[in-house]
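Descriptive structure summary
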Amino acid sequence: MAAAAPPLLPTTVVPAATPSPPTPIPTADDANPAAARAFLSRLLESAKRALSGARPWSELADRSALSRPDTVADATSRLRKNLAYFRVNYAAVVALSLAAALLAHPFSLAALLALLAAWCLLYILRPADAPPLAAFGRTFSDREVLGGLIASSAFVVFLTSVGSLIFSALALGAAVVCAHGAFRVPEDLFLDEPAEQAAGNPLLSFIAGATGGRV
């Protein structure tokens, strides 16, 4: 009589675990197009509103109104009055000085543009329901992303040649403004105090309008 075959033991094949894909890093496509358009629209409207308060450039460049101040107190008084009257024009002069310096140094301009792009993609234009940022094998919270952006900005501005270029351009623009304000005779200038007070600070209005009140 043949021996009985041993019973077959049940076997179970355990499927291999499929690793979950990592959360992709936000790109330009992840930014909300509507938010980007709204941000640019606010930026343009704020710039137009700020520049609308500029005085005629012919008054600023009137060479017949330039004279040497008699004393330091006279120069200070002229500068104070001219700053109140030509403040939008003076802000444009400083901005042009900064723009010219950046255009003359493409590396610094590229670094600032990259920094601006990082702020826009990772913070300003990033949708509120976007998944957390994942990079280098870990996930970063919104607070960590903001801290990294601030640290990167501080490094670029204060620890590289970009910062010295920015400060030099701003100092040059401020020197031009102070020289013009001290030598420009303000007797023919009439400042509309109520209108100026109602308009407020054009720089703060421009920043608040461009960011939608986030700062």
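Residues numbered from 1 in each chain as written. Predicted model: local features only at pLDDT ≥ 70, side-chain atom pairs only at ≥ 80, totals over all residues. Heavy atoms only, no water.

You'll find the protein chain entered in an unreviewed UniProt entry as PRA1 family protein, with Urochloa decumbens given as the organism. A UniProt comment under Subcellular location (unreviewed entry) is attached to the protein chain, and it reads "Membrane". In its Sequence similarities (unreviewed entry) section, the UniProt record describing the protein chain reads: "Belongs to the PRA1 family." (UniProt positions renumbered as here; feature names shortened; annotations may be inferred.)

Focus: the UniProt feature "transmembrane region" (unreviewed entry) in the protein chain
Those places that UniProt annotates as "transmembrane region" (unreviewed entry) correspond, in this numbering, to residues 84-103, 109-125 and 146-177. Regarding residues 109-125, the helix share stands at 94% and the strand share at 0%, and the terminal C-alpha atoms are separated by 21 Å. Secondary structure across residues 146-177 divides into 94% helix and 0% strand, with the first and last C-alpha atoms of the span separated by 35 Å. (Helix = DSSP H or I, 4+ residues; strand = E, 2+ residues; numbered from the N terminus.)

Remarks on the confidence of the model for the protein chain
Predicted confidence across the protein chain gives a mean pLDDT of 77, with 68% of residues reaching 70 or more. The weakest mean pLDDT in the protein chain belongs to helix α8 (residues 193-199) at 45; the strongest belongs to helix α7 (residues 161-183) at 94. Confidence drops under pLDDT 50 across residues 25-30; counting only partners more than four residues distant or on other chains, this segment forms 10 contacts. With pLDDT under 50 throughout, residues 193-200 is counted as low confidence; its partners more than four residues away or in other chains account for five contacts. (pLDDT = per-residue confidence, 0-100. Contact = heavy atoms within 4.5 Å.)

Re the packing of helix α4 (residues 87-104) against α7
Relative orientation of the contacting elements α4 and α7 amounts to 145 degrees, with a least axis distance of 8 Å. As for how α4 packs across α7, the hand of that crossing is right-handed. Contacts from Y90, V93, V94, S97, L98, A101 and L102 in α4 reach L165, I166, A169, L170, L172, G173, A174, V176, V177, H180 and G181 in α7. Of the residues that constitute the contact of α4 with α7, the class distribution is 14 nonpolar, four polar and no charged. (Axes fitted to C-alpha atoms, helices over the stretch in contact; angles between N-to-C directions. Left-handed = near helix turned anticlockwise from the far one by under 90°. Nonpolar A, V, L, I, M, F, W, Y, C, P; charged D, E, K, R; others polar.)

Some points on the pattern of salt bridges
Summed over all chains, the structure comprises two salt bridges. With its nearest N and O atoms 3.6 Å apart, the salt bridge here joins R78 to D74. Of this pair, R78 and D74 both sit in helix α3 (residues 72-85), four residues apart, which is roughly one turn of the helix. Residue classification places R78 among the buried positions, given a relative accessible area of 9%. Taking the shortest distance from any N to any O, the salt bridge between E144 and R138 comes out at 3.2 Å. (Salt bridge = Lys/Arg side-chain N within 4 Å of Asp/Glu carboxyl O. Buried < 20%, exposed > 50% of the residue type's maximum accessible area, 1.4 Å probe, protein only.)

Comments concerning the nonpolar core
Nonpolar side chains in soluble globular proteins tend to be buried together. One finds L115, W119, L133, V145, L149, V156, V162 and I166 forming the largest nonpolar core, which totals eight residues. Of all elements in the fold, only α5 (106-124), α6 (142-158) and α7 reach the threshold of two or more residues within this core. In this structure, Y85, F86, Y90 and L189 belong to the second largest nonpolar core, which totals six residues. (Core = buried A, V, L, I, M, F, W, Y, C linked by side-chain atoms within 4.5 Å.)

Things to note about α7
The end-to-end C-alpha separation of α7 is 33 Å, in line with the 33 Å expected for 23 residues at 1.5 Å each. Those residues of α7 lying buried are V162, G163, L165, I166, A169, G173, V177, H180, G181 and A182. Contacts from the buried residues of α7 go to α2 (57-60), α3, α4, α5 and α6. (Expected span 1.5 Å × (residues − 1).)

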